[in-house]
Amino acid sequence: MLSLPSTIDNAPCPCDSGNNYLHCCKPFHSGESLPATAQALMRSRYSAYCLQLESYLLSTWYANNRPLTLNLGDSQQNWEKLDIIRCKQGGQNDAKGTVEFNAFFTENNESWLLHERSQFVKIDGQWFYVDGLTRIIPAINGTIASNKNAPCPCGSGKKFKRCCGATHV
């Protein structure tokens, strides 16, 4: 069972949904309910990384791809911001889905952005993270360090300003 200070319940949820933790990701982390969509699972996993909830992350990872441990206590990453870029499928009635997002973090006093297209699958009514295509990109002040007319560093083939930069302009 989840054991976090009760003061976090009324704090903004780390997943940047705009809701407080008590009414957002906590019910998933505590096992009271399951995320209904791939995006809800992705947001709850991001919050779990922020809160270093290794057991939740492992339990929501597709068994065939799940690592044995994550060693989050050894991490120097400070997760700061989550932006959902787009979702493809992953709704309540879907069996699979993709969520593309940017997650900003600092590590060793340097700012970074993790850009990922995550794959999810629903088995027996429960969503699981399968894997993702990930890039880590330098960031400055919560934005990607890139020229707005340059190709987007996420690899989409679009200009930065029409892709990942559109969520930060």
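Look above for the structure.
All figures in this text were calculated on a predicted structure; none of them were measured in a lab.

### Some remarks on the overall build of the protein chain
Here's step 1: Scanning the protein chain from N- to C-terminus turns up three helices and five strands.
Here's step 2: The buried share among the 169 residues of the protein chain stands at 40%.
Here's step 3: A separation of at least 24 residues holds for 43% of the contacts in the protein chain among residues at least 6 apart in sequence.
Here's step 4: Surface accessibility of the protein chain: about 9300 Å² in total, with carbon and sulfur atoms responsible for 47%.

### Some points on the nonpolar core
Here's step 1: Membership of the largest hydrophobic core comes to 29 residues, with the highest contact counts inside it found for Cys 15, Tyr 21, Leu 82, Ala 103 and Phe 120.
Here's step 2: Every element with two or more residues in this core is listed here: helix 2 (38–51), helix 3 (54–59), strand 1 (78–89), strand 2 (96–107), strand 3 (110–123) and strand 4 (126–140).
Here's step 3: The dominant element in this core, judged by the number of residues it contributes, is helix 2, at seven residues.
Here's step 4: Leaving out residues up to four positions away in the same chain, Cys 15 has contacts with Cys 24, Cys 25, Arg 43, Tyr 46, Ser 47 and Leu 82.

### Describing the environment of Pro 67
Here's step 1: Mapped onto the elements of the fold, Pro 67 is located in the loop between helix 3 and strand 1.
Here's step 2: Excluding its chain neighbours within four sequence positions, the residues that come into contact with Pro 67 are Leu 58 and Trp 61.

### Here's the deal with the environment of Asn 109
Here's step 1: With respect to the element layout, Asn 109 can be found in the loop between strand 2 and strand 3.
Here's step 2: Taking relative accessible area as the criterion, Asn 109 reaches 83% and is therefore assigned exposed.

The rules behind these values
- Along each chain, the written sequence defines residue order, and numbers are assigned to residues from 1.
- Local features are withheld for residues below a pLDDT of 70 in this predicted model, meaning they are given only at 70 or higher, and side-chain atom pairs are given and counted only at 80 or more; totals for whole chains, interfaces and linings count all residues.
- With hydrogens and water excluded, all non-hydrogen atoms of the structure serve as input to the side-chain values.
- Working definition: helices are DSSP H or I runs of at least four residues, strands are E runs of at least two. Numbering for both runs from the N terminus.
- The classification of residues rests on relative accessible area computed with a 1.4 Å probe and restricted to protein chains. Under 20% of the type maximum is buried, over 50% is exposed, and intermediate values are partly exposed.
- For this analysis, residues touch if any pair of their heavy atoms sits within 4.5 Å.
- Where accessible areas are quoted, they stem from the Shrake-Rupley method and a 1.4 Å probe; at the residue level, only the protein chains shown are allowed to cover.
- To form a nonpolar core, buried Ala, Val, Leu, Ile, Met, Phe, Trp, Tyr and Cys residues must be joined to one another through side-chain atoms within 4.5 Å.

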